[in-house]
Amino acid sequence: MSDRAAALGDAEPFEITHRPDETDGDFVRFESIVHPAPEAAGTDHDLDHERYLIDNPDEHVHPHQREVIEVLVGEYGVAFEGTEHRLREGEDITVPENTPHRHWNPSAQPVRVAHEHHPARDSGAHAAAMYALAQDGKTDEKGLPNPLQFAVLNDAYPGIAYSTAIPIPVQKAMTALLAPIGRVVGYEATYSREE
């Protein structure tokens, strides 16, 4: 067993450690074990959970929240405002509200990272639903659900996060168009690990 595997121990792959009702809505904090990038050479891990949205290194933005990212085990990459940061265990960084950014695991081994969103809004519920969908095999290799499911989630949790690859007004219009169809065919916005 590697040192990193020992450090991860029996840690939960996804866990909300500070809920909005415990912080008066000031923030939500969740911890995740992040897969190595698929192209990482010498990948040495045996994780029992599927990749989900947190494993996706694509650029995105949280229009109404600042995000504090802290590395608990390993090394993590965070890029915003034209600068790439490499954080090591015990280090953290704050991404300002409405700032396009991306984050990823640059190593060939899993890492454990904490994400705090200030204010909490519905980030914890959104992340929990994305995690549960991935574990149920209902996402693609990037951890994204199909467009109808994604629209239902985005409609239920508006303004949590947007991709920077598509203009936000287009994403909002697609959500408004597809979410009612998604709900009619049975997609829901709330999923839990137990379900």
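Rules used in this analysis
Residues numbered from 1 in each chain as written. Predicted model: local features only at pLDDT ≥ 70, side-chain atom pairs only at ≥ 80, totals over all residues. Heavy atoms only, no water. 1 Å grid on protein atoms, 1.4 Å probe; cavity = no way out; pocket = protein on both sides within 12 Å on 5 of 7 lines; lining within 4 Å. Points joined across faces, edges and corners; volume = space filled by probe spheres on them. Helix = DSSP H or I, 4+ residues; strand = E, 2+ residues; numbered from the N terminus. Nonpolar A, V, L, I, M, F, W, Y, C, P; charged D, E, K, R; others polar. Buried < 20%, exposed > 50% of the residue type's maximum accessible area, 1.4 Å probe, protein only. Pairing = 2+ DSSP bridges. Phe/Tyr/Trp six-rings, centres within 6.5 Å; stacked < 30°, edge-to-face > 60°. Lys NZ or Arg CZ within 6 Å of the ring centre and 35° of its normal. Core = buried A, V, L, I, M, F, W, Y, C linked by side-chain atoms within 4.5 Å. Expected span 1.5 Å × (residues − 1). Bend = angle between axes of the 7 residues up to and from the residue. Contact = heavy atoms within 4.5 Å. Axes fitted to C-alpha atoms, helices over the stretch in contact; angles between N-to-C directions.

### Remarks on the layout of surface pockets
Here's step 1: Space inside the largest pocket adds up to approximately 820 Å³.
Here's step 2: Looking at the lining of the largest pocket, the elements with two or more residues in it are strand 9 (111–118), helix 2 (123–135), helix 3 (147–156), strand 10 (162–163) and helix 4 (168–184).
Here's step 3: Top element by residues in the lining of the largest pocket is helix 4. It accounts for 5 residues.
Here's step 4: Considered class by class, the residues forming the lining of the largest pocket number 19 nonpolar, 13 polar and 4 charged.

### Re the pairing of strand 5 (residues 75–80)
Here's step 1: Strand 5 sits mainly inside the fold: 5 of its 6 residues count as buried.
Here's step 2: Note: strand 5 against strand 6 (residues 83–88), 6 bridges, orientation antiparallel. Note that in strand 6 the partner of Val78 across the bridge is His85.
Here's step 3: The hairpin turn running from strand 5 into strand 6, its antiparallel successor, is 2 residues long, and Glu81 in that turn takes a positive phi close to 50 degrees.
Here's step 4: Sheet topology note: the strand 5/strand 8 (residues 101–104) ladder contains 4 bridges and is antiparallel. From the neighbouring strand, Phe80 faces strand 8, where its bridge partner is His101.

### Things to note about the packing of aromatic side chains
Here's step 1: Scanning the model with the defined rule gives 4 aromatic pairs in all.
Here's step 2: Each ring, one from Phe14 and one from Tyr52, has its centre 5.8 Å from the other, and the planes form 80 degrees; the classification is edge-to-face. With Phe14 in strand 1 (residues 14–18) and Tyr52 in the loop between strand 2 (28–34) and strand 3 (60–61), this pair connects stretches of sequence that are 38 residues apart.
Here's step 3: Residues Phe14 and Tyr131 carry aromatic rings whose centres are separated by 5.3 Å and whose planes lie at 20 degrees to one another, so their mutual orientation is stacked. In this pair, Phe14 sits in strand 1 while Tyr131 sits in helix 2, placing the two residues 117 residues apart along the sequence. Across the pair, Tyr131 and Phe14 agree in class, each one buried.
Here's step 4: Among the aromatic residues, ring-to-ring pairing joins Phe14, Phe30, Tyr52 and Tyr131 into one connected group.
Here's step 5: Here the basic side chain of Arg102 rests over the ring of Trp104, its NZ or CZ set 4.2 Å away from the ring centre.

### Topic: the nonpolar core
Here's step 1: Phe14, Tyr52, Ile69, Tyr76 and Val78 are the most contacted members of the largest nonpolar core, which totals 32 residues.
Here's step 2: Of all the secondary-structure elements, those providing two or more residues to this core are strand 1, strand 2, strand 4 (66–73), strand 5, strand 7 (92–95), strand 9, helix 2 and helix 3.
Here's step 3: With 8 residues, helix 2 is the single largest residue contributor to this core.

### Some thoughts on helix 4
For an α-helix the count is 3.6 residues per turn, leaving residues at separations of three or four pointing the same way.
Here's step 1: Across its 17 residues, helix 4 extends 24 Å between first and last C-alpha, which sits within 8% of the 24 Å expected from 1.5 Å per residue.
Here's step 2: Where helix 4 bends most, the angle comes to about 35 degrees, and this point is Leu178, followed within four residues by the proline Pro180.
Here's step 3: Burial in helix 4 covers these residues: Gln171, Thr175, Leu178, Ala179 and Gly182.
Here's step 4: Summarising the contacts, the buried residues of helix 4 are in contact with helix 3 and strand 10.
Here's step 5: Following helix 4 by one or two positions, Gly186 adopts a phi angle in the positive range, close to 110 degrees.

### Focus on the sheet that holds strand 2
Here's step 1: Spatial ordering of the open sheet is given by 1-2-9-4-7, a layout of 5 strands whose pairing is antiparallel. The sheet is open, and its two edges are formed by strand 1 and strand 7, each paired on a single side. Pairwise comparison of adjacent strand axes, ignoring direction, gives a mean angle of 20 degrees for this sheet.
Here's step 2: Where strand 2 and strand 9 come together, 7 bridges link them in antiparallel fashion. Within strand 9, the residue paired with Ile33 across the bridge is Arg112.
Here's step 3: Packing against the sheet, helix 2 makes contact with strand 1, strand 2 and strand 9, and its axis sits at approximately 165 degrees to strand 1.

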